[in-house]
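Summary of structural features
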Amino acid sequence: MRRAAATTFALLSLVVVAACDKKDAPPSAGSGASAAPEPTAAPSAAPVAWAAALSGSAERGAKLVEKHECNRCHDGTGLERAKFELHCFGCHEDIIRGKFKIADKVKLAKWKAHVRDIQFAPSLEGAGARFEPAWLTAFLYEPADLRPNMVASMPRLGLSKQDAADIAAHLTRGHRDEKLSLESASAERGRAVLETRGCGSCHLMTGVAAFPAVPPSAPGERTAAIELAPDLRFTRERLSAAAVVRWLRDPAAMKPGTLMPNLGLSDQEAKDAAKYLLTAELAAAPRYVAPKKLALLERKVGFEEVQERVLGKICAHCHGNPDVAGGDGGPGNTGGFGFAPRRLDLSKYSGVASGYVGADGERHSVFLPLADGTPRLVAALYARHDEQAGKPRPDVRGMPLGMPALPIEDIQLVESWVAQGRPR
Amino acid sequence: MTKRSVMSIVFAGLGALMVATTAPAEAEACGGAWFPEVEVDFRPMAIAMAEKQLDQGKVAQAAATVIRTMPHVGQLNAKRSKIVERGQRVLAVAVARTNGKLELGQEVPAYARAHWAGKTEKDRQANLTFAVNALRKVNEIKKDDPAAQTELAEALARVDAHKSEARDMLEKLAKKDLIATPEGYAVLAELRAKAGDESGKKLALKRCEAMAPGATVCQTTARG
């Protein structure tokens, strides 16, 4: 990031984040889908057709935002930021900035490495001015990954389609249905704007030839702005033409505090860029392909290994033991994000063996096989891959919630352990 | 919100380790070495250690850790304090697993060693009564918790008058695959054997052995 100070980035006070090679993201933010498959027409509006047909109640939406505790991750929800111990990023940020008070510096360094990928969510400030309500509704109902350089994603919450429409109505209060004609604009000139104004140092636009990346996004360097910059292929679903142009002229006017700099585009340049963003032919999205299931391990797998590699490392942060945490066992145990308490404690052996409380109010084992024979605990891990591939399962929520799916080797480990009779 | 309460709420998953680091951090946070160390509550750390020892099968050690931390733990009110509840739970499970004859090491004061040793039948029964009562209380606090139920059933199984209650509890849990420990399956095997259910006993032992690789848990407990 030091080099970056010389460029566009001088405008911003950016936060340095250590290297993170997320998902299978390309090493640099600018190296998009240049080797993209055959081009297709612009994505159809079909996915949001149902959403556009629903009308939401903003009043009910406001209550739902409260119920689902959006303020534990997002600013700009209309609610105050959640308390420190409930907020999912404040603590992680403190750890990363070295502000977290703990005497054990070795541990702090280890924590730093573990939380560095989980420290932001976009603020929802000004969402009404920016987002199309139908897109918002569809996204809340079935969240998809919007930010190729960000590890955490929007969790799949327990929202019905109507709930999603209500929340969208709440977040887009004051949304103006402006019409703006881009007839006089040129997508070709727009492409040139995108190439010459350094947009590629933060943004990817999958489905078109990559923009040249200005140096700061060399592999191994990530900044908050890069993490928070959306894939511009989605802009046409998210923003109207008028909103894109207004955004490009002055981002902070639409969203105070945004990390997108004002690049000083003229009205014409903004219109040209908008035309390109909204009409450029897009190759099919790089499809996420869920990895193939691996054969069970033949060697012995004990709980300690499963704990160290998976359950204790990732899951226990949401499925903890309330007795050692002042009564809050995390969203997957004592409830949160609008979920009822499932009372699933993945921090210790007897907790895992104690199962979870189902929608029927009864305890169920996480080892019981579903219809296809996969134990629920394992099915939840595969389901997260399915969600990433755009095929959420109606019967199983993917885990870890809102985090990248586990590497297939880790699922193999858990599955082998269960198959071996889950030895302690 | 005080520093203390924020720090102790600190995330579910890290429990023992986190609490372990709480004490010095607090001293630091409060601006210097003068901050009186004595005000630091070290019990959460010790009880977390005891819980770990119990999980590792070091039954007597776990009980000793609890007693050294809270010598009169047996007389305290678990409903008032989480740390007492957790301490009593460890001690009660240790008593049940040693069938009322808990042999504590030299690190525990002599009077406590004598108290928990269960030398006479009357002492032994008194210890088991403590275990049953303490674990019943835990179950009142944590409703519908299979781990707590499994442990209560273990203690109940050690008292003649409660054996059928123990079996009912374990059978119910077994039906839903919710017996939380190999020890629980070992006790179920023993109870089924006593009731003449030979094939049921074998099934329970098989589950026990799958859950406890060393299988000593399954043999010793099943002998009762």
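Moving on, we come to the overall build of chain B. The secondary structure content of chain B amounts to twelve helices and zero strands. Across the 224 residues in chain B, those meeting the buried criterion constitute 51%. Across chain B, contacts joining residues at least 24 apart in sequence account for 55% of those joining residues at least 6 apart. Counting every atom, chain B has about 10700 Å² of accessible surface; 56% of that belongs to carbon and sulfur.

Looking now at the environment of Ala295 of chain A. Turning to its location among the elements, Ala295 of chain A is positioned in the loop between β4 (282–283) and α14 (303–311). Along the chain, Ala295 of chain A and Glu409 of chain A lie 114 residues apart, while their C-alpha atoms are 9.9 Å from each other.

Charged atoms that come close allow side chains of opposite charge to pair. Residue and element names in this part refer to chain A. For the structure on display, the rule yields 42 salt bridges over all chains. Measuring nitrogen to oxygen at the nearest pair gives 2.8 Å for the salt bridge that ties Arg189 to Asp272. Separated by 83 residues along the polypeptide, Arg189 in helix α8 (residues 187–196) and Asp272 in helix α13 (residues 267–279) bring together distant segments of the chain. Arg189 sits in the partly exposed class, given a relative accessible area of 42%.

The topology assignment puts Arg158 of chain B in the loop between α8 (146–156) and α9 (163–175). A polar atom in the side chain of Arg158 of chain B sits 3.5 Å from the backbone oxygen of Ala96 of chain B.

Looking now at the domain arrangement of chain A. Residue and element names in this part refer to chain A. Under the domain assignment, chain A is made up of domain 1 (1–285) and domain 2 (303–419). Residue-level contacts link 15 residues of domain 1 with 18 residues of domain 2. Approximately 1400 Å² of surface area, both sides summed, lies buried where domain 1 meets domain 2, with 58% of it carried by carbon and sulfur atoms. Among the residues domain 1 hides against domain 2, the three largest losses belong to Arg72, Ser153 and Arg156. Together they make up 39% of the total. Applying the counting criterion to the domain 1 and domain 2 interface returns one salt bridge. Between Arg156 and Glu387 there is a salt bridge, and its shortest N-O distance comes to 2.7 Å. Our count for the domain 1 to domain 2 interface comes out at ten residue pairs in polar contact (both at pLDDT 80 or more).

Here we come to empty space enclosed by the protein. Per the counting criterion, the structure on display carries two cavities of 30 Å³ or more. Its volume calculated, the largest cavity comes out at about 80 Å³. Lining the largest cavity, in full, are Tyr349, Ser350 and Arg424 of chain A together with Leu54, Asp55, Arg89, Arg97, Glu151 and Thr181 of chain B. Elements with a contribution of two residues or more to the lining of the largest cavity: α15 (349–353) of chain A together with α3 (43–55) and α5 (82–97) of chain B. Along the lines of polarity and charge, the residues of the lining of the largest cavity split into two nonpolar, two polar and five charged.

For the rest of this paragraph, the subject is the packing of aromatic side chains. Under the defined criterion, the tally for this structure stands at nine aromatic pairs over all chains. Seen in terms of ring centroids, Trp116 of chain B and Phe130 of chain B are 5.0 Å apart; in terms of plane orientation they differ by 65°. Their pairing is edge-to-face. Of this pair, Trp116 of chain B sits in helix α6 (residues 110–117) while Phe130 of chain B sits in helix α7 (residues 121–141), and the two are 14 residues apart along the sequence. Each member of the pair Trp116 of chain B and Phe130 of chain B is classed as buried. In this structure, Lys161 of chain A packs its charged tip against the face of Trp50 of chain A, placed 4.7 Å from the ring centre. Sitting over the ring of Trp135 of chain A, Arg238 of chain A keeps its end group 4.7 Å from the ring centre.

Among the eleven residues that make up helix α7 (residues 161–171) of chain A, nine are buried, leaving the element largely enclosed by the rest of the structure. Turning to α7 of chain A, its buried residues number three or more, namely Asp163, Ala164, Ala165, Asp166, Ile167, Ala168, Ala169, His170 and Leu171 of chain A.

Further remarks concern the nonpolar core. Trp417 of chain A together with Leu102 of chain B are the most contacted members of the largest nonpolar core, which has 81 residues in total. Broken down by element, this core gets its largest block of residues, nine residues, from α5 of chain B. In contact with Leu102 of chain B, not counting residues within four places along its chain, are Val59, Ala60, Ala63, Leu91, Ala94, Val95, Trp116 and Ala117 of chain B. Counting 47 residues, the second largest nonpolar core, distinct from the first, contains Trp135, Ile167, Leu232 and Leu239 of chain A.

Our focus in this paragraph is the state of the cysteines. A full pass over the atoms with the stated rule returns one disulfide over all chains. There is a disulfide in this structure between Cys208 of chain B and Cys218 of chain B, and the S-S distance comes to 2.1 Å. Its S-S torsion of about -95° marks the bond between Cys208 of chain B and Cys218 of chain B as left-handed, since a negative value means left-handed. Remark: Cys218 of chain B occurs in helix α12 (residues 216–223) and Cys208 of chain B occurs in helix α11 (residues 198–211); sequence separation between them is ten residues. The two residues Cys208 of chain B and Cys218 of chain B agree in class, both being buried. Free cysteine: Cys91 of chain A, not disulfide-bonded; nearest cysteine sulfur from Cys88 of chain A at 9.9 Å.

This part is about the packing of α5 of chain B against α7 of chain B. Residue and element names in this part refer to chain B. Direction vectors running N to C along α5 and α7 enclose 135°, while the axes themselves pass 8 Å from each other. Compared by their axis directions, α5 and α7 come out oblique. In the crossing of α5 with α7, the sense of the turn from one axis to the other is left-handed. Together, Lys82, Glu85, Gln88, Arg89, Leu91, Ala92, Val93, Val95 and Ala96 of α5 and Asn127, Leu128, Phe130, Ala131, Ala134, Leu135, Val138 and Ile141 of α7 make up the contact between the two elements. For the contact of α5 with α7, a count of residues per class yields twelve nonpolar, two polar and three charged.

Turning our attention to the packing of helix α10 (residues 182–194) of chain B against α11 of chain B. Residue and element names in this part refer to chain B. Interaxial distance between α10 and α11 falls to 8 Å at its minimum, and their mutual angle equals 165°. As far as their axial angle goes, α11 and α10 are roughly antiparallel. Crossing of α10 against α11: the hand is left-handed. Residues Pro182, Tyr185, Ala186, Leu188, Ala189, Arg192 and Ala193 of α10 lie in contact with α11, whose contacting residues are Gly200, Lys201, Leu203, Ala204, Leu205, Arg207, Cys208 and Met211. Here the contact of α10 with α11 is composed, by residue class, of eleven nonpolar, one polar and three charged.

Our focus in this paragraph is the domain arrangement of chain B. All names here are of chain B. Examined at the domain level, chain B breaks down into domain 1 (42–143) and domain 2 (144–224). Put simply, the middle of domain 1 and the middle of domain 2, counted by C-alpha atoms, are 21 Å apart. Contacts between the two partners involve 14 residues from domain 1, matched on the other side by 16 residues from domain 2. Approximately 1400 Å² of surface area, both sides summed, lies buried where domain 1 meets domain 2, with 54% of it carried by carbon and sulfur atoms.

Turning to its location among the elements, Lys255 of chain A is positioned in the loop between α12 (251–254) and α13. Excluding residues that lie within four positions of it along the chain, Lys255 of chain A makes contacts with Pro122, Ser123, Glu125, Arg130 and Trp247 of chain A.

What counts, and at which threshold
Residues numbered from 1 in each chain as written. Chains lettered and ligands numbered in written order. Predicted model: local features only at pLDDT ≥ 70, side-chain atom pairs only at ≥ 80, totals over all residues. Heavy atoms only, no water. Helix = DSSP H or I, 4+ residues; strand = E, 2+ residues; numbered from the N terminus. Buried < 20%, exposed > 50% of the residue type's maximum accessible area, 1.4 Å probe, protein only. Contact = heavy atoms within 4.5 Å. Areas by Shrake-Rupley, 256 points an atom, 1.4 Å probe, with all protein chains shown as cover. Salt bridge = Lys/Arg side-chain N within 4 Å of Asp/Glu carboxyl O. Polar contact = N/O pair within 3.5 Å; in protein donor to acceptor, adjacent residues only side chain to side chain. Domains from an automatic or database assignment. Buried area = accessible area lost by both parts, 1.4 Å probe. 1 Å grid on protein atoms, 1.4 Å probe; cavity = no way out; pocket = protein on both sides within 12 Å on 5 of 7 lines; lining within 4 Å. Points joined across faces, edges and corners; volume = space filled by probe spheres on them. Nonpolar A, V, L, I, M, F, W, Y, C, P; charged D, E, K, R; others polar. Phe/Tyr/Trp six-rings, centres within 6.5 Å; stacked < 30°, edge-to-face > 60°. Lys NZ or Arg CZ within 6 Å of the ring centre and 35° of its normal. Core = buried A, V, L, I, M, F, W, Y, C linked by side-chain atoms within 4.5 Å. Disulfide = S-S within 2.5 Å. Axes fitted to C-alpha atoms, helices over the stretch in contact; angles between N-to-C directions. Parallel < 35°, antiparallel > 145°, perpendicular 65-115°, else oblique. Left-handed = near helix turned anticlockwise from the far one by under 90°.

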